[in-house]
Amino acid sequence: MIPRIYIPGDSGALALGAEKVAKAIASELAERGIEAKIVRNGSRGAYFLEPMVEVATANGRVAYGPVKPSDVKSLFDSGFLTGGHHKRWLGAPDKIPFLAKQTRLTFARCGVTDPLSLESYKKYGGLNGLTNALGLTPAAIVAEVTESGLRGRGGAGFPTGIKWKTVLDTSGDRKYIVCNADEGDSGTFADRMIMEGDPFVLIEGMTIAGIATGATKGFVYVRSEYPHAVAVMNKAVEIARKAGVLGASVLGSAYAFDMEIRVGAGAYVCGEETALLDSLEGKRGMVRAKPPLPAHKGLFGKPTVINNVISLASVPVIMDKGAAFYKDFGMGRSRGTIPIQIAGNVKHAGLFEAAFGMTLGEIVDGIGGGTATGLPVKAVQVGGPLGAYFPRALFDTPFDYEAFAAKDGLIGHAGIVVFDDTADMLKQARFAMEFCAIESCGKCTPCRIGSTRGVETIDRIAAGIEPEKNLALVTDLCNTMKFGSLCALGGFTPYPVMSSITHFPDDFKPAPVRVAAE
Ligand SMILES: Cc1cc2nc3c(=O)[nH]c(=O)nc-3n(C[C@H](O)[C@H](O)[C@H](O)COP(=O)(O)O)c2cc1C
Ligand code: SF4
């Protein structure tokens, strides 16, 4: 059997030099006259070990990482094609603590299989969920997804089954499934990883959603900063179409479903579902007032399911193993698993899929290993640019939608950005307002004007101008934005601002004191 070498083609791994490593391995193979098959897999998500190269040996896979092109000669000399020891040797990938501690349901195949091999997808359980779904009525599929407790992983945590039921129950000559792959939250990369590493799972999830709701057409709206994901998804759709997974007769059934990949132009607000629909329709991305809900009048005015990549990619495992299996993971009303993305100033950056319920401290200190700089953790922002900054005192908060909300925070798309004690929380609060001002779609006043006034007022606090009065003004402004904005961009910007003020009051002291403290 010719040796198989797995080198990630994932853009995170590429950014860390995977392409150069692949070239070095290919030329070393040629030089030594060794025949081997190089598979460009996705990433397993342990980015601190990327580029992570794996070889398939008689005793299973053996991983090496992070591999540099300069390591390649010595890897061959050490017999890495048969799992030989080397300073980059990591052993069996699923025994690497960062990976071994995870519960991989949605990401079970990511980094393991060849992303564009449908055969490999099927070998690892792919299409089981769709096959099962085809044996059920649409209402029974919706009931199964509802029963699983799956909630939207894009940010709002809305129950997926209920959204699907609304579309199923709404009549329309045409219905759509729209996948939100805009992934604009800071520190997040789960959607990208799935699209690059296991595209068929998203195709399968969207197809099940189509069958369940009566939609025959799907669109994936991908951010323009993800060219690799776009390329992989386009190829995967073509392969799925040729194989009869997509098309006029899904897997030979009476159901039709097809899909297209569309690329956004790069606006955070286009991740908001109604702005996304406008953008998809070829208009400038502006938030629409609700009602009507997209489930009633969505894309081109037709009933539309809009779900995040991870929500849709979690459906195949639910339909494969059953709602009860999925629901068994998690806590409270947060069921199943969630891909937590650990980023920022952290030692072990990467994607960690786990059942809901781990504490923030376990994630940041235990899994993330603390800061990369070695300095104490000062704050972590959970849930993207609209998420609250949590201090160490809140590290006992379990990763659960309700537990975070109870502490004025949010889980969002499950991105965690870690900051060490050099972070200036006044600057972070200012950044939140500035970000809102830049990204605001401009439709409503509290967001469009409020964010700019917020920047100015925080600047006055930083300059020591009437700090108490201006702090009260920021608080007042945050309340206006929170309760008066049309969408969560203006409505949630107060979370990072107010959490900074509440948990890190010293950073908002008047300028002379701040200077003295520094
Ligand atoms: C400003 C803003 C940006 C958003 N960006 C995204 C995004 O990038 N991806 C996403 O899935 N949801 C995003 N959302 C949430 C979507 O509006 C919507 O709730 C989600 O796509 C629904 O899918 P889900 O139920 O599967 O989570 C954003 C919301 C707001 C207000
Ligand atoms: S809150 Fe901001 S982004 Fe949302 S609708 Fe209003 S102006 Fe647009």
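Residues numbered from 1 in each chain as written. Chains lettered and ligands numbered in written order. Predicted model: local features only at pLDDT ≥ 70, side-chain atom pairs only at ≥ 80, totals over all residues. Heavy atoms only, no water.

A. Layout of the site of ligand 2. Around ligand 2, a shell composed of 13 residues is seen, among which Cys 441, Lys 443, Cys 444, Cys 447 and Cys 487 lie nearest. Taking a 2 Å distance to the grid points as the criterion, the majority of the atoms of ligand 2 fall inside the largest cavity. Among the residues making up the shell around ligand 2, the classes are represented as eight nonpolar, four polar and one charged. (Near = heavy atom within 4 Å. 1 Å grid on protein atoms, 1.4 Å probe; cavity = no way out; pocket = protein on both sides within 12 Å on 5 of 7 lines; lining within 4 Å. Sits in = over half its atoms within 2 Å of the grid points. Nonpolar A, V, L, I, M, F, W, Y, C, P; charged D, E, K, R; others polar.)

B. Examining the site of ligand 1 more closely. Every one of the 19 residues lining ligand 1 counts as a neighbour, but Gly 154, Asn 180, Asn 307, Asn 308 and Ser 311 are closest to it. Contacts to ligand 1 include Asn 180, whose side-chain N or O atom sits 2.9 Å from an oxygen atom. Separating an oxygen atom of ligand 1 from a backbone N or O atom of Asn 308 is a distance of 2.8 Å. If ligand 1 stood free it would expose 610 Å²; the protein chains cover 92% of that surface. Sorting the residues of the shell around ligand 1 by element identifies β9 (304-308) and α22 (488-492) as the ones contributing at least two each. Residue contributions to the shell around ligand 1 peak at three residues, all from β9. Grouping the amino acids of the shell around ligand 1 by side-chain chemistry returns four nonpolar, nine polar and six charged. (Polar contact = N/O pair within 3.5 Å; in protein donor to acceptor, adjacent residues only side chain to side chain. Areas by Shrake-Rupley, 256 points an atom, 1.4 Å probe, with all protein chains shown as cover. Helix = DSSP H or I, 4+ residues; strand = E, 2+ residues; numbered from the N terminus.)

C. View of unusual backbone geometry. Omega for the peptide link from Glu 50 to Pro 51 comes to -5°, which places this bond in the cis form. Relative to the elements of secondary structure, Pro 51 occurs in the loop between β2 (37-39) and β3 (53-57). Residue Pro 292 is bonded to the preceding Pro 291 through a cis peptide linkage, with omega at 5°. One can find Pro 292 in the loop between α12 (273-280) and β9.

D. Highlighting the sheet that holds strand β7 (residues 217-222). With parallel pairing, the four strands of this open sheet are ordered in space as β8-β7-β6-β9. Pairing within the sheet leaves two strands with one partner each, and these edge strands are β8 (258-263) and β9. Between one strand axis and the next, the sheet turns through 20° on average, direction left out of account. Of the strands in this sheet, β6 (176-181), β7 and β9 are in contact with helix α9 (residues 190-197), which crosses β6 at around 115°. (Pairing = 2+ DSSP bridges. Axes fitted to C-alpha atoms, helices over the stretch in contact; angles between N-to-C directions. Contact = heavy atoms within 4.5 Å.)

E. Structural detail: the nonpolar core. In terms of nonpolar packing, the biggest core is built from 60 residues, with Trp 164, Met 195, Leu 202, Ile 203, Met 206, Val 220 and Met 259 touching the most fellow members. Ranked by residues supplied to this core, first place goes to helix α10 (residues 199-213) with nine residues. With residues up to four places along the chain from it excluded, the contact list for Met 195 reads Ala 181, Leu 202, Val 220, Val 222, Tyr 226, Ala 229, Val 232 and Met 233. (Core = buried A, V, L, I, M, F, W, Y, C linked by side-chain atoms within 4.5 Å. Buried < 20%, exposed > 50% of the residue type's maximum accessible area, 1.4 Å probe, protein only.)

F. Structural context of the pattern of salt bridges. In this structure the tally under the stated criterion is 34 salt bridges. Put simply, Asp 77 and Arg 32 hold a salt bridge, and the shortest N to O gap is 2.8 Å. Of this pair, Asp 77 sits in helix α3 (residues 72-77) while Arg 32 sits in helix α2 (residues 18-32); the two residues are 45 residues apart in sequence, bridging distant segments of the chain. Relative accessible area serves as the criterion here: at 34%, Arg 32 is assigned to the partly exposed category. Across the pair Arg 88 and Asp 71 runs a salt bridge whose closest N-O atoms are separated by 2.7 Å. (Salt bridge = Lys/Arg side-chain N within 4 Å of Asp/Glu carboxyl O.)

G. Summary view of the packing of aromatic side chains. If you walk through the whole model with that rule in mind, you get 16 aromatic pairs. Here Tyr 176 and Phe 219 contribute two aromatic rings whose centre-to-centre distance is 6.0 Å and whose plane-to-plane angle is 45°, an arrangement assigned as tilted. Separated by 43 residues along the polypeptide, Tyr 176 in strand β6 and Phe 219 in strand β7 bring together distant segments of the chain. The class of Tyr 176 is buried, set by a relative accessible area of 8%. Owing to a relative accessible area of 6%, Phe 219 belongs among the buried residues under this scheme. Relative to Phe 404, the ring of Phe 390 lies with its centre 5.1 Å away and its plane at 10°, an arrangement referred to as stacked. Linking Phe 390 in strand β15 (residues 389-391) with Phe 404 in helix α17 (residues 401-406), this pair joins segments that are 14 residues apart in sequence. A relative accessible area of 1% means that Phe 390 is categorised as buried. Taken together, the ring pairs connect Phe 48, Phe 98 and Phe 352 into an aromatic cluster. (Phe/Tyr/Trp six-rings, centres within 6.5 Å; stacked < 30°, edge-to-face > 60°.)

H. Up close: the environment of Ala 240. With respect to the helices, strands and loops of the structure, Ala 240 is situated in helix α11 (residues 227-242). A residue is classified by how much of its surface remains accessible, and Ala 240, at 1% relative accessible area, is buried. Along the chain, Ala 240 and Ile 203 lie 37 residues apart, while their C-alpha atoms are 8.1 Å from each other. Excluding anything up to four places from it in sequence, Ala 240 contacts Phe 200, Ile 203, Val 245 and Leu 246.

I. Summary view of the environment of Val 220. Positionally, Val 220 belongs in strand β7. When near neighbours in sequence (up to four residues on either side) are disregarded, Val 220 contacts Cys 179, Ala 181, Met 195, Leu 202, Met 206, Met 259, Glu 260, Ile 261 and Arg 262.

J. Here's a closer look at empty space enclosed by the protein. Tallied over the full model, the rule gives two cavities of 30 Å³ or more. Reported here for the largest cavity is a volume of approximately 70 Å³. If you go around the largest cavity, you meet 13 residues; those closest to its centre are Val 287, Cys 441, Cys 444, Cys 447 and Cys 487. Across the lining of the largest cavity, the residue classes break down as eight nonpolar, four polar and one charged. Here the residues of the lining of the second largest cavity sort into two nonpolar, four polar and three charged. (Points joined across faces, edges and corners; volume = space filled by probe spheres on them.)

K. How the structure looks around the side chain of His 86. With respect to the helices and strands, the residue His 86 is situated in the loop between α3 and β5 (89-91). A polar contact is formed between the side chain of His 86 and the backbone nitrogen of Arg 88, at a distance of 3.0 Å.

L. Just the sheet that holds strand β13 (residues 350-355), in detail. Strand order across the open sheet formed by five strands is β13-β12-β16-β14-β15, with mixed pairing between neighbours. Edge strands, defined here as strands with exactly one partner in the open sheet, are β13 and β15. For this sheet, the mean inter-axis angle between neighbouring strands, taken without regard to orientation, is 30°. In this sheet, strand β16 (residues 415-420) lies alongside strand β14 (residues 377-382) in antiparallel orientation, the contact comprising five bridges. Looking at β16, one finds that Val 380 is bridged to Val 418.

Geometric values such as these leave the question of function open.
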